[in-house]
Amino acid sequence: MTENKAGSKALGYLYGAAAAASYGLNPTFALPLYADGMNPDSVLMLRYLFAILMLVVMMLLRRRSFKIPPTAIPQVFVLGMLMSLSSLTLFLSYNYMAAGIASTMLFVYPIMVAVIMTLFYKEHLSVLTTLCIILAFFGVMLLYRNAEGESLSMLGTIFVMLSALSYSIYLVAINSKSLEKIPTLTLTFYVVLFGSLLFVGRLLTDVPLILPSSPLLWLDAVALAFFPTAFSLICTTRAIQLIGSTQTSILGALEPVTAIFMGILLFNESVTPRECCGIFLILFAVSMVIGKDSMENSVVAKQLMRMRLMFPKGKRK
């Protein structure tokens, strides 16, 4: 029984890492479409449309049912709106600041998740978990790169904070017990389906629909739909089911690291010693999260507890 539980947690950490790494590919696939003249709503509409088609194919191949309890529809609809709002505000921020800076600032969401879980769900925030959040946060700050003399856009910052808040609420809300019986693939399909309605509504108003100008950019849109959308959402949902919202959000520290590595591989960007330190802090924090249970149950931890019991606190007079 203990081995099964440990195996489930290990799988949960693997899903969480995969979700974070794939979500960190957002700028990699979105920026070429922006450079082609597409607006955020057009990019996101194609992203969600292709993701829906991919999820339908996956469900048919795996013979998953499209049925969900009628009582769950309002909750899943809200989840879809939260996810699409997070996507829209993040992509809008790319118009006001560098995508790398926006993706770095987005990492405040694990702190938001931890606060929400502590305040509203009475989740115990251990010292080790708090330390992991702090280390990862400082690591992300070291990865922050600003052009010389450039100041951050206030509007861009607001968009990123709204994106982080929406995503934080999504991560907490999807962990609801009422959604546990819905298969991960089915739940992800309806989240993306309902979320796409936000972009349909915006494009039906005054926002123009702009399509990619070349077959290569169409493939780029398909990749944007698969890696940071369908694949990432499936992994995120499964990770939350196995290890919880807080742990999954902390693993999100791998998102900016992915952005850095992709910049090196695809755009020949260099890495400074400061950025190396940031990557090290993030990976160290993530390693601590993954090894949290074994660390807390280790021989060292037990010996420290015994030493503490040797010096009991005196009673106050």
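Residues numbered from 1 in each chain as written. Predicted model: local features only at pLDDT ≥ 70, side-chain atom pairs only at ≥ 80, totals over all residues. Heavy atoms only, no water.

J.: What is the right way to look at the overall build of the protein chain in this model?
T.: What the protein chain contains, in helices and strands, is 15 helices and 0 strands. Taking the intrachain contacts of the protein chain between residues at least 6 apart in sequence as the baseline, contacts between residues at least 24 apart amount to 90%. A total accessible area of about 16400 Å² is found for the protein chain, and carbon and sulfur atoms account for 70% of it. (Helix = DSSP H or I, 4+ residues; strand = E, 2+ residues; numbered from the N terminus. Contact = heavy atoms within 4.5 Å. Areas by Shrake-Rupley, 256 points an atom, 1.4 Å probe, with all protein chains shown as cover.)

J.: In this structure, what is going on with helix α6 (residues 109–120)? I would like to understand it.
T.: For an α-helix, 3.6 residues make a turn, and residues three or four places apart therefore share a direction. Helix length check: α6, at 12 residues, gives a terminal C-alpha distance of 16 Å against a target of 16 Å (1.5 Å per residue), a fit within 8%. Among the residues making up α6, those that are buried are Tyr109, Pro110, Val113, Ala114, Ile116 and Met117. All buried residues of α6 fall inside an arc of 165 degrees around its axis, so they share one side. Positive backbone phi, at 55 degrees, marks Lys122, one or two positions downstream of α6. (Expected span 1.5 Å × (residues − 1). Buried < 20%, exposed > 50% of the residue type's maximum accessible area, 1.4 Å probe, protein only. Arc of directions from axis to C-beta.)

J.: Mind showing me how you'd approach the confidence of the model for the protein chain here?
T.: Of the residues in the protein chain, 85% have a pLDDT of 70 or more, and the chain-wide mean is 83. In this model residues 297–311 is a low-confidence stretch, pLDDT under 50, and it forms 3 contacts with partners more than four residues away in sequence or in other chains. Low confidence marks residues 313–317, where pLDDT is under 50. Its contacts with residues over four positions away, or in another chain, come to 0 contacts. (pLDDT = per-residue confidence, 0-100.)

J.: Just to check I follow, could you spell out the side chain of Asn39 for this structure?
T.: Mapping Asn39 onto the fold places it in the loop between α2 (26–35) and α3 (40–61). Polar contacts involving the side chain of Asn39 include one to the main-chain carbonyl oxygen of Pro208, which spans 2.8 Å. Residues contacting Asn39, with those up to four places away along its chain left out, are Val207, Pro208 and Ile210. (Polar contact = N/O pair within 3.5 Å; in protein donor to acceptor, adjacent residues only side chain to side chain.)

J.: Looking at this structure, how should I read the packing of α6 against helix α8 (residues 154–173)?
T.: What describes two packed helices is the angle between their axes and the distance between those same axes. As a packed pair, α6 and α8 sit with axes 9 Å apart at the nearest point and diverge in direction by 45 degrees. With respect to α8, the element α6 is oriented oblique. In the crossing of α6 with α8, the sense of the turn from one axis to the other is right-handed. Contacts from Tyr109, Met112, Val113, Ile116 and Met117 in α6 reach Met161, Ala164, Leu165, Tyr167, Ser168, Ile169, Leu171 and Val172 in α8. (Axes fitted to C-alpha atoms, helices over the stretch in contact; angles between N-to-C directions. Parallel < 35°, antiparallel > 145°, perpendicular 65-115°, else oblique. Left-handed = near helix turned anticlockwise from the far one by under 90°.)

J.: Teacher, can you tell me more about a nonpolar patch on the surface here?
T.: Together, Tyr96, Met154, Leu155, Ile158 and Leu162 give the surface a local cluster of nonpolar side chains, amounting to about 480 Å² of exposed area. By relative accessible area, which is 38% here, Leu155 ends up partly exposed. (Patch = residues over 30% accessible without salt bridge, like charges linked within 9 Å, V, L, I, M, F, W, Y side chains within 5 Å. Salt bridge = Lys/Arg side-chain N within 4 Å of Asp/Glu carboxyl O.)

J.: For this particular structure, what's the right way to read the packing of aromatic side chains?
T.: The relation between two aromatic rings is expressed through the spacing of the ring centres and the mutual angle of the planes. In the structure shown here, the tally under the stated rule is 18 aromatic pairs. Between Tyr167 and Tyr170 the ring centres are 6.2 Å apart and the planes differ by 10 degrees, which places this aromatic pair in the stacked class. Of this pair, Tyr167 and Tyr170 are both found in helix α8, 3 residues apart, which corresponds to roughly one turn of the helix. The burial state of Tyr167 is the same as that of Tyr170; both residues are buried. A network of ring pairs unites the aromatic residues Phe66, Phe77, Phe189, Tyr190 and Phe194 as a single cluster. (Phe/Tyr/Trp six-rings, centres within 6.5 Å; stacked < 30°, edge-to-face > 60°.)

J.: Is there a simple way to explain the nonpolar core in this structure?
T.: Inside soluble globular proteins, nonpolar side chains tend to come together where they are buried. Val76, Phe91, Tyr94, Tyr109 and Tyr170 are the most contacted members of the largest nonpolar core, which has 92 residues in total. Here the element with the most residues in this core is α3; it accounts for 11 residues. Among residues more than four places away in sequence, those in contact with Tyr109 are Ala164, Tyr167, Ser168, Leu171, Ser249, Gly252 and Glu255. (Core = buried A, V, L, I, M, F, W, Y, C linked by side-chain atoms within 4.5 Å.)

J.: Looking at this structure, how should I read the side chain of Ser249?
T.: Structurally, the position occupied by Ser249 is in helix α11 (residues 245–250). Here Ser249 is in contact with Phe107, Tyr109, Pro110, Val113 and Leu171, once residues within four sequence places are set aside.

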